[in-house]
Amino acid sequence: MSSRYALVAEGTQAGLLFLLAPVAGFFLGKWLGLGPIPAYAGAVLGLAAAFWNLLRLIARISK
Amino acid sequence: MIFSTSDWALLAPELLLTAGGLILLSLAVFVPKAKEEFLGFLTVLAVVATAVVLAIVAVAAPRSQGPVLGGMFVLDNFALFFKFVILLTIGLTVLASITYVGQAPYPGGEYYALLLFTGVGMLFMVSGSNLISIYVALELMALASYVLAGYFKGEVRSTEAALKYFILGAFSSGVLLYGLSLVYGVSGKMGLSDLAQTPVTGDGRQLMVLGILMLLAGLLFKIAAVPFHVWTPDVYEGSPTPITAFFSVGPKIAAYAILARIFYVGFPRFYADWGLIIAIVSAVTLVWGNVAALLQTNVKRMLAYSSIAHAGYALLGVLGFRTGYGLWGILIYLLAYAFMNFGAFSLVIFLETRGYAAESVSDFNGLARRNMPAAVTMLVFLLSLAGIPPTAGFIGKYYLFTAAMKAGYAWLAVLAVLASAVSLFYYFRIAAAMFFSEAAGARLRASYALAAAVIICGAGTLIIGLAPEGILAVLKNCVPGGY
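Remember, predicted model here, so these are calculated numbers, not experimental data.

### Re the overall build of chain A
Scanning chain A for helices and strands turns up 2 helices and 0 strands. Against the compact-globule benchmark of 11 Å for 63 residues, chain A has a radius of gyration of 15 Å, which places it well outside the compact range. In terms of principal-axis extent, the alpha carbons of chain A reach across some 50 × 20 × 10 Å. Per-residue burial for chain A yields a buried fraction of 27% across its 63 residues. A sequence separation of at least 24 residues applies to 43% of the contacts in chain A between residues at least 6 apart.

In structure tokens form, the structure reads like this:
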């Protein structure tokens with residue numbers, strides 16, 4: 001049963017990261033105050049990080 | 001009560017589809033198993049002919065006259081839209097079934113006839129303007145569906161699916177009918193427009209609300225909303241996969257149509273009583289559907305729980321029907337859902353027809369190397385189901401979430417966004433298996449009929465996502481009771 005809860009927790013975390021990471025990256029880039037490009041770059045980096053995290057989780061579960 | 005010829009002319013699509021089903025039943029006796037593909041294409045022809053007749057009726061019939069046939073039947077733009085979507089889902093189901101049923105040791109003639117009879121029930125459902133006519137049409141759809149669920153009668157899971165569907169469906173129909181009886185007992189009316197105008201006060205109001213809630217419970221069963229969803233995973237898993245694909249789309253869309261019509265036309269004055277309940281049901285359905293899907297490794301059960309979650313999203317449109325976005329959201333979301341969900345199931349059918357059980361996510365391993373177009377279209381469907389732009393699912397969810405916020409349920413819109421994010425995990429699990437896992441097996445090719453179904457679904461998913469303005473302009477005229 002605990003592995004099911006762990007899966008729910010990890011899957012939820014991976015999914016929510018898709019929302020939070022780009023937003024965090026966007027505001028981090030905006031905080032730098034160098035125009036809009038760092039903000040968008042931060043959002044893209046956040047999205048990439050969330051995607052990478054998801055792939056790692058899926059690879060671990062599939063083993 | 002005397003019905004005019006023009007009233008009966010409005011029934012031409014339903015009558016044609018019924019005739020098609022009866023002809024198929026008769027022909028099935030003479031067509032050998034090896035030639036049953038012919039019956040499948042004949043069924044597609046019947047569906048296309050019905051769509052053409054529907055288009056003629058839509059252009060020729062004066063739709064400003066309101067309900068006809070004793071107030072039982074209405075052909076407004078709302079009903080027309082859903083009729084076309086229902087015919088689309090039946091056509092896609094037949095295309096996806098031709099190879100699948102051909103490979104199975106069961107006769108195909110009755111299968112296609114039952115699909116058409118289910119379609120007749122759904123066409124009458126979306127045109128129902130009287131609670132009794134809606135109920136009778138719903139039962140016609142349901143009875144044919146029960147048989148389709150158990151069509152592979154030699155397989156225990158199929159028989160179990162049919163039995164569970166029948167027992168729980170009959171129970172929910174009983175609850176729905178009891179609700180209808182309470183509504184009639186208090187108001188003395190069955191017509192939706194009459195119900196909206198009938199004053200109800202005092203003790204009668206409490207009974208009316210109870211009747212409305214029981215009616216709602218019966219309808220929530222049909223759309224597989226929590227806590228009336230328990231039949232869905234087992235029925236979806238046990239039924240033949242083309243029928244599972246059909247159940248996940250067709251009857252659910254028809255049930256949403258009557259849910260929207262009943263509560264928009266019949267009970268808008270009671271919004272304060274049923275609004276919060278639908279909000280809570282939507283929230284629980286969203287969360288439970290996505291959490292349960294996270295735990296699944298069986299693809300059919302995963303998509304079943306996914307469809308439960310999508311029932312939760314669509315309820316946001318019912319909640320926000322008094323804003324412009326609510327009804328538009330329901331319409332465009334259900335159209336998008338028809339394409340993307342059926343498309344996803346079509347790829348499961350594709351693997352099953354190529355010898356895979358297609359039950360585990362691992363059956364999708366390396367699909368990109370075995371058939372790249374299939375993997376790419378599956379990715380499009382998964383992205384759309386998750387609500388990622390520029391797909392149809394994103395457009396639909398945008399309108400639904402906006403409707404919820406404008407209706408004063410911002411917390412529900414936020415919860416829906418979070419639930420959509422969580423769904424990325426199990427959708428991407430399939431995508432990762434397709435693109436990043438080792439391929440096992442030779443290259444796979446689909447039959448032309450199944451490929452046509454997948455292409456239609458993929459095109460619909462992308463067109464709605466990339467260029468929604470055209471379809472939205474049409475949908476803005478599709479208000480129930482608006483002629």
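Now that the structure has been shown, the text picks up again.
### Some details on the overall build of chain B
Across its full length, chain B carries 20 helices and 0 strands. For 483 residues, the compact-globule estimate of 2.2 N^0.38 gives 23 Å, and the C-alpha radius of gyration of chain B, at 21 Å, lies within 12% of that figure. The principal-axis extents of the C-alpha atoms in chain B amount to approximately 70 × 55 × 45 Å. Expressed as a percentage of the 483 residues in chain B, the buried residues total 58%. Within chain B, residue pairs in contact and separated by at least 24 positions form 81% of the contacts whose partners lie at least 6 positions apart.

### Some details on helix α14 (residues 324-353) of chain B
Think of an α-helix as turning once every 3.6 residues; residues three or four places apart then point the same way. Residue and element names in this part refer to chain B. End to end, α14 covers 44 Å across 30 residues, agreeing with the expected 44 Å (1.5 Å per residue, within 8%). The buried fraction of α14 is high, at 29 of 30 residues. Remark: glycine 355 follows α14 within two positions and exhibits a positive phi of approximately 95°.

### A short note on the interface of chain B and chain A
Taken together, the 13 residues of chain B in the interface contact 13 residues of chain A. Secondary-structure elements contributing two or more residues to the side of chain B that touches chain A are α12 (271-294) and α18 (410-436) of chain B. Residues that form the side of chain B that touches chain A fall into these classes: 11 nonpolar, 1 polar and 1 charged.

### Focus: unusual backbone geometry
Residue and element names in this part refer to chain B. In this chain, valine 226 is followed by proline 227 through a cis amide linkage whose omega measures 0°. Within the element layout of this structure, proline 227 appears in the loop between α9 (203-222) and α10 (231-238). Between proline 389 and proline 390 the backbone carries a cis peptide bond, its omega angle lying at 5°. Mapped onto the secondary structure, proline 390 falls in the loop between α16 (372-386) and α17 (392-406). Within the chain, alanine 224 stands out as a residue other than glycine whose phi angle is a positive 65°.

### Thoughts on the nonpolar core
All names here are of chain B. In this structure, Met125, Ala254, Leu316, Leu334 and Ala404 are the most contacted members of the largest nonpolar core, which totals 199 residues. The element contributing the most residues to this core is α14, with 22 residues. In contact with methionine 125, other than residues within four places in its own chain, are Ile134, Ala137, Leu138, Met141, Ala254, Ala257 and Ile258.

### What to know about the packing of α14 of chain B against helix α19 (residues 448-466) of chain B
All names here are of chain B. In contact at an axis separation of 8 Å, α14 and α19 are set at 150° when each is read in the N-to-C sense. Taken together, α14 and α19 sit at an angle that is classed as roughly antiparallel. Considering the relative orientation of α14 and α19, their crossing is left-handed. In this structure, α14 uses Leu335, Ala336, Phe339, Met340, Phe342, Gly343, Ser346, Leu347, Ile349, Phe350 and Thr353 to contact α19, whose residues at the interface are Leu450, Ala453, Val454, Cys457, Gly458, Gly460, Thr461 and Ile464. Class assignment of the residues belonging to the contact of α14 with α19 gives a composition of 13 nonpolar, 6 polar and no charged.

### Some details on the environment of lysine 63 of chain A
Its location among the elements puts lysine 63 of chain A in the segment after α2 (36-62). Each C-alpha atom of the pair lysine 63 of chain A and proline 36 of chain A lies 41 Å from the other, and the pair is 27 residues apart in sequence.

### Observations regarding the packing of helix α2 (residues 12-28) of chain B against helix α5 (residues 109-126) of chain B
Residue and element names in this part refer to chain B. In contact at an axis separation of 8 Å, α2 and α5 are set at 165° when each is read in the N-to-C sense. The angle between the axes of α2 and α5 places the two elements in the roughly antiparallel class. Classified by chirality, the crossing of α5 by α2 is left-handed. Contacts between α2 and α5 involve Pro13, Glu14, Leu17, Thr18, Gly20, Gly21, Leu24, Leu25, Leu27 and Ala28 from the former and Gly109, Glu110, Tyr112, Ala113, Leu116, Phe117, Gly119, Val120, Leu123 and Phe124 from the latter. When grouped by side-chain class, the residues that make up the contact of α2 with α5 number 13 nonpolar, 5 polar and 2 charged.

### Points about helix α6 (residues 131-149) of chain B
All names here are of chain B. Across its 19 residues, α6 extends 26 Å between first and last C-alpha, which sits within 8% of the 27 Å expected from 1.5 Å per residue. Residues of α6 that are buried include every one of Leu131, Ser133, Ile134, Tyr135, Ala137, Leu138, Met141, Ala142, Ala144, Ser145, Leu148 and Ala149, and no others. Lining the buried residues of α6 we find α5, α7 (156-187), α10 and α11 (241-266).

### A few points about the environment of alanine 368 of chain B
Residues and elements named next belong to chain B. Assignment of secondary structure puts alanine 368 in helix α15 (residues 367-370). Given 21 C-beta atoms within a 10 Å radius, alanine 368 is considered buried. In the structure, alanine 368 is positioned 108 residues away from alanine 260 in sequence and 40 Å away in space, judged by C-alpha atoms. For alanine 368, the contacting residues outside a window of four places in its chain are Ala375, Met434 and Phe435.

### A look at the confidence of the model for chain B
Scored by pLDDT, chain B comes out at a mean of 90, with 98% of its residues at no less than 70. Across the assembled chains, the prediction reports ipTM 0.80 with pTM 0.92.

### Re the environment of glycine 329 of chain B
All names here are of chain B. Mapped onto the elements, glycine 329 comes out in helix α14. Each C-alpha atom, one on glycine 329 and one on phenylalanine 401, is 8.5 Å from the other, the two residues being 72 residues apart in sequence. Excluding residues within four positions of it along the chain, glycine 329 makes contact with Leu316, Gly317, Gly320, Gly396, Tyr399, Leu400 and Ala403.

Reading guide: rules and limits
- Position numbers for residues count from 1 along each chain, tracking the sequence in the order it is written.
- All chains are assigned letters beginning with A, and all ligands numbers beginning with 1, in the order in which they are written.
- Residue-level local features of this predicted model are given only where pLDDT is at least 70; pairs of side-chain atoms are given and counted only at 80 or more, and the full residue set underlies all totals for whole chains, interfaces and linings.
- A helix here means a DSSP run of H or I that spans at least four residues, while a strand means a run of E at least two residues long, and both kinds are numbered starting from the N terminus.
- Radius of gyration here is computed from C-alpha atoms only, and the compact-globule reference equals 2.2 Å multiplied by the residue count raised to the power 0.38.
- Each residue is classified by how many other C-beta atoms fall within 10 Å of its C-beta atom, where C-beta atoms are placed from the backbone; a count of 20 or more means buried, 12 or fewer means exposed, and values in between mean partly exposed.
- Residues are treated as contacting if the C-beta atoms built from their backbones sit within 7 Å of each other.
- What a helix should span is 1.5 Å times the count of its residues minus one.
- Gly falls in the polar group here, along with every residue not listed as nonpolar (Ala, Val, Leu, Ile, Met, Phe, Trp, Tyr, Cys, Pro) or charged (Asp, Glu, Lys, Arg).
- What makes a nonpolar core is a set of buried Ala, Val, Leu, Ile, Met, Phe, Trp, Tyr and Cys residues, with links drawn between C-beta atoms within 7 Å.
- Only the contacting stretch of a helix is used when fitting its axis, a line to C-alpha atoms as for every element, and angles between N-to-C directions run 0 to 180 degrees.
- Roughly parallel here means an angle under 35 degrees, roughly antiparallel means over 145, roughly perpendicular means 65 to 115, and every remaining angle is called oblique.
- Throughout, a crossing is termed right-handed when the near helix is turned clockwise from the far one, and left-handed when it is turned anticlockwise from it by less than a right angle.
- pLDDT is a per-residue confidence score from the predictor, ranging from 0 to 100.

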